[in-house]
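Structure at a glance
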Amino acid sequence: MQSLCHLSTTNGAPLLKTSWRKIDRGLFCTFSGNSTFTELFSNKGFWGKNNLEKKGDLSVRAAWRFFGGRNGKSTKASIERSEAANEDILLFFFQLDLGTRVQYALNIEQYDMAKMLRDKLIEVETDIIKQQQAKRGSSKSEAQDKEIKILTLRADIQKAIETENYDLAAKLRDQVSTLEAEALAASAKALAFENVKYAFRLGQQVQHKVFGYRGVICGMDPVCCESKSWMEKANIDKLSRGPNQPFYQVLVDVYADPNLLVAYVAEENLLAIEEQDKSRFDHPYTSFLFYGTDTAGDFIPISELREKFGRPRYEPPYEENDNDSNGDA
């Protein structure tokens, strides 16, 4: 089957295309493109056992071969590089890619291939749902599950006391204390997901307060959803608002920092670009995440991206043309 989707820069230069082929027990996805990417996901679209043959074992990677950029060297901004955010974006791309291929296979009446592609699409979508659930880690059902476990443990504690098994009772009390803290955190996080207000929108151009690079918002979370090790490395505890504030997936202009690719940035570290900035912005992901740019120079997110994050469509404010007003006069 021929490739239907590929990545390119904003000026149309091709960077990546995907190709799927049938194997004995599934599908195999390969990539090709120019030297912009190093190893282009290492010749495989997914890192997993048996090349997409097993469910729930999907992983993706990308790397750059840009050197220098405007600064000529790597910056401290790399502490905010996020492989998790990058993987989230690429799985979203595969979801779009597979959906397109399913429709194409149906159009040319290749029904067996369409079925296999649809099965793989279901696998990717299932993995995306699992990632979202793991990222939130904050649903009301999770908090309720922990409360049920706490009630069960308290009953076990009472039985242990009645049988004078005090060592077991002490261990169970420690488990209850841990679960109570986790349940409280889960409830608070669930509330944050429901009531969060974002200062920035999808496609908006922003500037980093500390590192100064220009970027574009392509995703958002109401709180920091990275691992503890990542938060320690990124010094999240030193932020005035800590991890309990909105965090954004930010595409970084490759000419500002060619090694950063996707950053995960706290809201307090971002600034809106007040003046219109229509200068060149290069990043391979803009070609499939956005339709293009609006009159203010911000990017217009595709409908699937808005649906993914539940964000409304944004219309830039209309500004009257001075020439038009003079003509009317």
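Read on for a plain summary of the structure. (Residues numbered from 1 in each chain as written. Predicted model: local features only at pLDDT ≥ 70, side-chain atom pairs only at ≥ 80, totals over all residues. Heavy atoms only, no water.)

Focus: the overall build of the protein chain
How we decide: Numbering of helices and strands runs from the N terminus, with a helix taken as a DSSP run of H or I at least four residues long and a strand as a DSSP run of E at least two residues long. Partly exposed describes any residue whose relative accessible area lies between the buried limit of under 20% and the exposed limit of over 50%, with all areas from a 1.4 Å probe on protein chains only and scaled to the type maximum. Working rule for contacts: check all heavy atoms of both residues, and any pair within 4.5 Å makes them a contact. In short, Shrake-Rupley with a 1.4 Å probe defines the accessible areas, and a residue's cover is counted only from the protein chains shown.
Along the protein chain, the regular secondary structure elements total eight helices and ten strands. Taken over 329 residues, the protein chain has a buried fraction of 42%. Restricting the contact set of the protein chain to residue pairs at least 6 apart, pairs at least 24 apart contribute 63%. Of the roughly 18400 Å² that the protein chain leaves accessible, carbon and sulfur atoms contribute 48%.

Quick word on the nonpolar core
This is how it is decided: We define a nonpolar core as any set of buried Ala, Val, Leu, Ile, Met, Phe, Trp, Tyr and Cys residues linked to one another through side-chain atoms lying within 4.5 Å.
Membership of the largest hydrophobic core comes to 47 residues, with the highest contact counts inside it found for Tyr213, Ile217, Tyr285 and Leu289. Elements represented by at least two residues in this core include exactly helix H1 (83–107), helix H2 (111–136), strand S5 (214–221), strand S6 (247–252), strand S7 (262–266), helix H6 (286–289) and helix H7 (303–309).

Some points on the sheet that holds S5
Operational definition: A strand pair is defined by DSSP finding two or more bridges across the two strands. Throughout, an axis means a line fitted to C-alpha atoms (over the contacting stretch in the case of helices), and angles, computed between N-to-C directions, take values from 0 to 180 degrees.
One open sheet accounts for five strands, arranged S7-S6-S5-S4-S8; its pairing is antiparallel. Looking at strand neighbours, the two that pair on one side only are S7 and strand S8 (270–272), the edges of this open sheet. Neighbour-to-neighbour, the strand axes of this sheet turn through a mean angle of 50 degrees, independent of strand direction. Two elements, S5 and S6, share six bridges in a ladder whose sense is antiparallel. Within S6, the residue paired with Gly215 across the bridge is Val252. Running over the sheet, H1 touches S5, S6 and S7 and is turned about 75 degrees from S6.

As for the packing of aromatic side chains
We count it as follows: The criterion for an aromatic pair is that two Phe, Tyr or Trp rings (for Trp, the six-membered ring) have centres within 6.5 Å, with stacked assigned to planes under 30 degrees apart, edge-to-face to planes over 60 apart and tilted to the rest. Criterion for a charge above a ring: Lys NZ or Arg CZ within 6 Å of the ring centre, and within 35 degrees of the ring normal.
Tallied over the full model, the rule gives nine aromatic pairs. Measuring from ring centre to ring centre gives 5.5 Å for Phe200 and Tyr248, while their planes differ by 80 degrees; the resulting arrangement is edge-to-face. Here the residue Phe200 occupies a position in the loop between helix H4 (166–195) and strand S4 (205–208), and Tyr248 occupies one in strand S6, the gap between them amounting to 48 residues. Lying over the aromatic face of Tyr314, Arg201 brings its terminal NZ or CZ to 3.6 Å of the ring centre.

Description of the pairing of S4
One face of the sheet, then the other: side chains in a regular strand alternate in exactly this way. Of the pairings in the sheet, the one linking S4 to S5 comprises three bridges and is antiparallel in character. Looking across to S5, one finds that Val206 is bridged to Gly215. Linkage of S4 to S5, two consecutive antiparallel strands, is achieved through a turn of five residues, within which Gly212 is found at a positive phi near 80 degrees. Here S4 pairs with S8 via three bridges, running antiparallel. By the bridge assignment, Val206 is partnered in S8 with Ala272.

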